[in-house]
Amino acid sequence: MKKPLFTGSGVAIVTPFTKETVDLPTLGRLLDFQMKNGTDAIIVCGTTGEASTMSYRERMRTIEFCVDHVDGRLPVIAGTGSNSTENALALSRDAERAGADGLLVVTPYYNKASQSGLIRHFQVIADGVDVPLILYDVPSRTGVTIAPEAYAELAKHPNINGVKEAGSNFSNIQKTRNLCPEDFTIWSGNDDETAAICMLGGKGVISVVANVLPAQMHRLTELCLRNDFAAAGKLQLELKDFCDAMFCDVNPIPVKTALNLLGWDVGPLRLPLCDPKEAGLEKIKAALERYGLTART
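All values derive from a computational prediction rather than experimental measurement. (Residues numbered from 1 in each chain as written. Predicted model: local features only at pLDDT ≥ 70, side-chain atom pairs only at ≥ 80, totals over all residues. Heavy atoms only, no water.)

Right, let's talk about the overall build of the protein chain for a bit. In terms of regular secondary structure, the protein chain is built from 12 helices and 8 strands. Radius of gyration (C-alpha) of the protein chain: 18 Å, near the 19 Å computed for a compact globule of 297 residues. Counting only C-alpha atoms and orienting by the principal axes, one finds that the protein chain spans roughly 50 × 45 × 35 Å. Of all 297 residues assigned to the protein chain, the portion counted as buried reaches 56%. Pairs at least 24 apart in sequence give 72% of the contacts found in the protein chain among residues at least 6 apart. Approximately 12,600 Å² of the protein chain is accessible, and the part contributed by carbon and sulfur atoms is 50%. (Helix = DSSP H or I, 4+ residues; strand = E, 2+ residues; numbered from the N terminus. Rg over C-alpha atoms; globule rule 2.2 N^0.38 Å. Buried < 20%, exposed > 50% of the residue type's maximum accessible area, 1.4 Å probe, protein only. Contact = heavy atoms within 4.5 Å. Areas by Shrake-Rupley, 256 points an atom, 1.4 Å probe, with all protein chains shown as cover.)

This part is about the UniProt feature "site: Part of a proton relay during catalysis" (unreviewed entry) in the protein chain. Under the feature "site: Part of a proton relay during catalysis" (unreviewed entry), the UniProt entry names T47 and Y110. When only the residues just named are considered, the largest cavity is lined by T47. Here T47 is to be found in the loop between β2 (41-44) and α2 (56-70). Beyond its immediate sequence surroundings of up to four residues, T47 is in contact with Y136, R141, N251 and P252. Counting through the fold element by element, Y110 comes out in the loop between β4 (102-106) and α4 (115-127). (UniProt positions renumbered as here; feature names shortened; annotations may be inferred. 1 Å grid on protein atoms, 1.4 Å probe; cavity = no way out; pocket = protein on both sides within 12 Å on 5 of 7 lines; lining within 4 Å.)

A few words on the side chain of H121. Structurally, H121 is set in helix α4. A relative accessible area of 3% places H121 in the buried class. Side chain to side chain, H121 and T85 meet in a polar contact 2.7 Å long. (Polar contact = N/O pair within 3.5 Å; in protein donor to acceptor, adjacent residues only side chain to side chain.)

Turning next to the packing of helix α11 (residues 253-261) against helix α12 (residues 278-290). Between α11 and α12, the shortest axis-to-axis distance is 10 Å and the interhelical angle comes to 60 degrees. Looking at the two axes, α11 sits oblique to α12. As for how α11 packs across α12, the hand of that crossing is right-handed. Contacts between α11 and α12 involve P254, T257, A258 and L261 from the former and L281, I284, K285 and L288 from the latter. Its residues placed into classes, the contact of α11 with α12 shows 6 nonpolar, 1 polar and 1 charged. (Axes fitted to C-alpha atoms, helices over the stretch in contact; angles between N-to-C directions. Parallel < 35°, antiparallel > 145°, perpendicular 65-115°, else oblique. Left-handed = near helix turned anticlockwise from the far one by under 90°. Nonpolar A, V, L, I, M, F, W, Y, C, P; charged D, E, K, R; others polar.)

For the rest of this paragraph, the subject is the pattern of salt bridges. Close approach of charged atoms allows side chains of opposite charge to pair. Tallied over the full model, the rule gives 9 salt bridges. In this structure, E222 engages R226 in a salt bridge whose closest nitrogen and oxygen atoms are separated by 3.6 Å. According to the relative accessible area criterion, R226 is exposed, its value standing at 53%. Beyond isolated ion pairs, a larger network of salt bridges with shared partners links D192, K240 and D244. (Salt bridge = Lys/Arg side-chain N within 4 Å of Asp/Glu carboxyl O.)

Let us now look at the pairing of β4. Within β4, 5 of the 5 residues are buried, leaving the element largely enclosed by the surrounding structure. Residues of β4 alternate between two faces, with G102, L104 and V106 on one and L103 and V105 on the opposite face, all of them buried. Pairing geometry for strand β3 (residues 76-79) and β4, over 3 bridges, is parallel. In the strand pairing of β4, I77 is matched with G102. Following the backbone out of β3, through helix α3 (residues 85-97) and into the adjacent parallel β4, one traces a crossover that is right-handed. With 4 bridges joining them, β4 and strand β5 (residues 133-137) adopt parallel strand pairing. Bridging from a neighbouring strand, L104 pairs with I134 of β5. Handedness of the crossover is the feature at issue here: the chain leaves β4, passes through α4, returns alongside β5, and the resulting connection is right-handed. (Pairing = 2+ DSSP bridges. Right-handed = clockwise from strand over helix to strand, strands pointing away.)

Turning our attention to the packing of helix α9 (residues 214-225) against helix α10 (residues 229-245). For the pair α9 and α10, the least separation of the axes is 8 Å and the interaxial angle reads 150 degrees. Taken together, α9 and α10 sit at an angle that is classed as roughly antiparallel. As for how α9 packs across α10, the hand of that crossing is left-handed. Packed against α9, whose contacting residues are Q216, M217, R219, L220, L223 and C224, the element α10 presents F229, A231, A232, L235, Q236 and L239 at the interface. Considering only residue class, the contact of α9 with α10 consists of 9 nonpolar, 2 polar and 1 charged.

This brings us to the packing of aromatic side chains. In total, this model carries 4 aromatic pairs according to the counting rule given. Ring geometry for F6 versus W187: centroids 5.3 Å apart, planes at 20 degrees, classification stacked. Placement of the pair is F6 in the segment before β1 (8-12) and W187 in strand β7 (residues 185-188), with a sequence separation of 181 residues. With a centroid separation of 5.0 Å and an interplanar angle of 70 degrees, the aromatic rings of F242 and Y291 are classed as edge-to-face. Linking F242 in helix α10 with Y291 in the segment after α12, this pair joins segments that are 49 residues apart in sequence. With relative accessibility at 0%, the residue F242 sits in the buried group. Looking at Y291, the relative accessible area reads 26%, which means it is partly exposed. The ring of F17 carries R270 above its face, with NZ or CZ at 4.0 Å from the centroid. (Phe/Tyr/Trp six-rings, centres within 6.5 Å; stacked < 30°, edge-to-face > 60°. Lys NZ or Arg CZ within 6 Å of the ring centre and 35° of its normal.)

Printed below as a string of structure tokens:
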């Protein structure tokens, strides 16, 4: 029986940049902050980490740095998805060599593959590595959705550990849970859906909000995993406005802006992402103030 790569709150960590490259010293401080505040896993070079704007060399150096800095205290899961199966496999093999404990592999974007194509894509990658894969379903970004029946087929692969589900389709999540074995793990891919997905058997969240509120997201998943859904639901509602603020613009624009406002100096967004407009900036500032976050924590 497969064990989940992690349970609880995994942070989809931002990538701090200088004008030229990745700011590794700041990344180290962010990792320390996460580990001190209960985060259960580090997910590096994902969407929130702006991996699509990073060079191959930058991605591998960032993954290596996270592995070395975390030093086995938490699982480090590397984003290695691509719209080319060959490129995704190469990234996955190199991330495994860099020491990643697992891989987060997004559905191939732009191609709009069929369900048969999606199954083959993930199977080829899973066949080529010896570490577990977390599939990543995020149709708002990729234009394709993994069907529950495809999950049932993919769940048979010993290296496919589960899915980060960000499709907001609770009917499909229920079908997936019914079609797949218990050891096919589902993690929420949307912060504001964490308690609801855990109530359907999910094991936690891969979180954007945890970049700013790691202890609160850990607490939320802890309550869910204890089956205390009355308390978890209350906390989820308390976090709703903050979650909305962190998605008032395209991720990771709001969360990176919030970290800069809090003094973390995570640097610029990389084009084509850019700073939020004034209305968005005011929403982010207001959310920080409501949660008592006015200085570096």
